[in-house]
Amino acid sequence: MSKSPATRTARRERPLSPHLTIYRPPITMTMSIVHRITGGALYFGTLLVAAWLMAAASSQATFDWVNWAFGTWLGRLILFGYTWALMHHMLGGVRHLVWDTGAGLEKHTASKIAWTTLAGSVALTLLIWVAGYMARGAL
Amino acid sequence: MSGSNNDMRTPLAKVRGLGSSHEGTQHFWRQRLTALANIPLTLFFVGFLIALNGAGYTEVRAALANPFVALVMILFLISGLYHMRLGMQVIIEDYVISEGLKLLTIALSTFFTIAVGVASIFALLKLAFGG
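Quantities reported herein were computed from a predicted structural model and do not represent experimental measurements.

**Observations concerning the overall build of chain B**
Right, so step 1: Looking only at helices and strands, chain B has five helices and zero strands in total.
Right, so step 2: If you list the helices and strands of chain B from N to C, you get α-α-α-α-α.
Right, so step 3: Its C-alpha radius of gyration of 21 Å places chain B more than 25% over the 14 Å reference for a compact globule of 131 residues.
Right, so step 4: Projected onto its principal axes, the C-alpha coordinates of chain B cover approximately 70 × 35 × 25 Å.
Right, so step 5: Evaluated residue by residue, chain B yields a buried proportion of 17% over its 131 residues.
Right, so step 6: Within chain B, contacts between residues at least 6 apart in sequence are counted, and of these 72% link residues at least 24 apart.

**Examining the overall build of chain A**
Right, so step 1: Helix and strand counts for chain A come out as five helices and zero strands.
Right, so step 2: Counted from the first residue to the last, chain A has its helices and strands arranged as α-α-α-α-α.
Right, so step 3: Here the C-alpha radius of gyration of chain A, 23 Å, is well above what a compact globule of 139 residues would show, namely 14 Å.
Right, so step 4: Dimensions of chain A, computed from C-alpha atoms along their principal axes, come out at roughly 75 × 45 × 25 Å.

**A word on the nonpolar core**
Soluble, globular proteins show a tendency: their nonpolar side chains are buried together.
Right, so step 1: Residues Leu53 and Ala56 of chain A together with Ala123, Leu124 and Leu127 of chain B are the most contacted members of the largest nonpolar core, which totals 26 residues.
Right, so step 2: When contributions to this core are tallied by element, the ones reaching two or more residues are α2 (27-57) and α4 (73-100) of chain A together with α4 (67-95) and α5 (99-128) of chain B.
Right, so step 3: When residues in this core are grouped by element, the largest group, nine residues, is from α2 of chain A.
Right, so step 4: Once you skip the residues sitting within four places of it in the chain, Ala56 of chain A turns out to touch Phe63 of chain A together with Val60, Arg61, Leu64, Ala123 and Leu127 of chain B.

**Comments concerning the packing of α2 of chain A against α4 of chain A**
Relative placement of two packed helices is described by the angle separating their axes and the distance separating the axes.
Residues and elements named next belong to chain A.
Right, so step 1: In the contact formed by α2 and α4, the axes pass within 8 Å of each other and the chain directions differ by 130 degrees. Considering their axes alone, α2 and α4 lie oblique with respect to each other. Seen along the crossing, α2 lies across α4 with a hand that is left-handed. Residues Met31, Val34, His35, Thr38, Gly39, Ala41, Leu42, Gly45 and Leu48 of α2 form the contact with α4, whose own contacting residues are Tyr82, Ala85, Leu86, His88, His89 and Gly92.

**Notes on the interface of chain A and chain B**
Right, so step 1: Taken together, the contact pairs 28 residues of chain A with 27 residues of chain B.
Right, so step 2: When residues of the side of chain A that touches chain B are traced back to their parent elements, those giving at least two are α2, α3 (60-71), α4 and α5 (107-136) of chain A.
Right, so step 3: If one sorts the elements of the side of chain A that touches chain B by residue count, α2 of chain A sits on top with 13 residues.
Right, so step 4: By residue class, the composition of the side of chain A that touches chain B is 17 nonpolar, seven polar and four charged.

**Let's talk about the packing of α3 of chain A against α4 of chain A**
All names here are of chain A.
Right, so step 1: Interhelical geometry of α3 versus α4 gives an angle of 75 degrees and a closest axis separation of 4 Å. With respect to α4, the axis of α3 lies roughly perpendicular. Here Ala69, Phe70 and Gly71 of α3 come into contact with α4, specifically with Gly75, Arg76 and Leu79.
Right, so step 2: Tallied by class, the residues present in the contact of α3 with α4 amount to three nonpolar, two polar and one charged.

**What to know about the confidence of the model for chain B**
Right, so step 1: Looking at chain B, pLDDT values average 93 and 95% of them are 70 or higher.
Right, so step 2: The complex model carries a pTM of 0.87, and its ipTM stands at 0.88.

**Topic: the environment of Ser120 of chain B**
Right, so step 1: Along the chain, the position of Ser120 of chain B falls in helix α5.
Right, so step 2: Counting along the chain gives 44 residues from Ser120 of chain B to Phe76 of chain B, while the straight-line C-alpha distance between them is 11 Å.

**With respect to helix α2 (residues 26-51) of chain B**
Right, so step 1: Its 26 residues give α2 of chain B an end-to-end C-alpha distance of 37 Å, which sits within 8% of 38 Å, the value for a rise of 1.5 Å per residue.
Right, so step 2: Those residues of α2 of chain B that sit buried are Gln31, Thr34, Ala35 and Asn38 of chain B.

**Structural notes on α5 of chain A**
Right, so step 1: For α5 of chain A, with 30 residues, the first-to-last C-alpha span of 44 Å sits near the 44 Å given by 1.5 Å per residue.
Right, so step 2: For α5 of chain A, the complete set of buried residues consists of Ile113, Ala114, Thr117, Ser121, Ile128 and Gly132 of chain A.
Right, so step 3: In this fold, the buried residues of α5 of chain A make contact with α2 and α4 of chain A together with α2 of chain B.
Right, so step 4: Two residues or fewer after α5 of chain A comes Gly137 of chain A, characterised by a positive phi angle close to 80 degrees.

Basis of the calculations
- Residues numbered from 1 in each chain as written.
- Chains lettered and ligands numbered in written order.
- Predicted model: local features only at pLDDT ≥ 70, side-chain atom pairs only at ≥ 80, totals over all residues.
- Helix = DSSP H or I, 4+ residues; strand = E, 2+ residues; numbered from the N terminus.
- Rg over C-alpha atoms; globule rule 2.2 N^0.38 Å.
- Buried ≥ 20, exposed ≤ 12 C-beta atoms within 10 Å, placed from the backbone.
- Contact = placed C-beta atoms within 7 Å.
- Core = buried A, V, L, I, M, F, W, Y, C linked by C-beta atoms within 7 Å.
- Axes fitted to C-alpha atoms, helices over the stretch in contact; angles between N-to-C directions.
- Parallel < 35°, antiparallel > 145°, perpendicular 65-115°, else oblique.
- Left-handed = near helix turned anticlockwise from the far one by under 90°.
- Nonpolar A, V, L, I, M, F, W, Y, C, P; charged D, E, K, R; others polar.
- pLDDT = per-residue confidence, 0-100.
- Expected span 1.5 Å × (residues − 1).

The structure is reproduced here in structure tokens:
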């Protein structure tokens, strides 16, 4: 209907500031995204905790079945991922609590802390699983 | 001067400091408070699971029935679930654009949280009180 230049320019692509797809992602950005993803995973992971507790409170057969499911190849993989998500989210959370005080916000310091939380989460996850297998007497 | 003619807020609103959301910093503060509580509680939970690795039905039931374990587990569940409910609200608010769907998903998330919490805590109480 309207052919005025003003309306036509309005439909044109507007310039956008550089965003996700433009920058090479800095580690702090990646860890921020991972923090949200692990948080979301832990949200649904509570179902595993609830299933385990309910199974323990019900019959031996139910408990054995849940125990069996957790012990399968897939079950262990999910629990391993759950452990890592928990550790990563916990360390990332500590990082955020430190930032809340105003400390550690300098660019290079923040990047160093981000790498540390990533390495720490992997180390803690492995430590937990080694300790778990040792408690089981499998190591 | 505080009595500027451009300020539309009432003196009461200024004192309350709750802003347009009527919540003030409550969401932020509770997220941090539960985050802080979650650190020792999570470490306890993980340590408990390590110690219980390979345990059977009777052993697990006895361990969970211990009053100290039951109490800390209940605290872990309450703090953890409250924290994740707040976090999921932020995720929903960020990505769900439609106002109606946003309200619905946040409500469903709250129901999910309460269902998981009630089922888990009931299981723990059942074990603790000799179920």
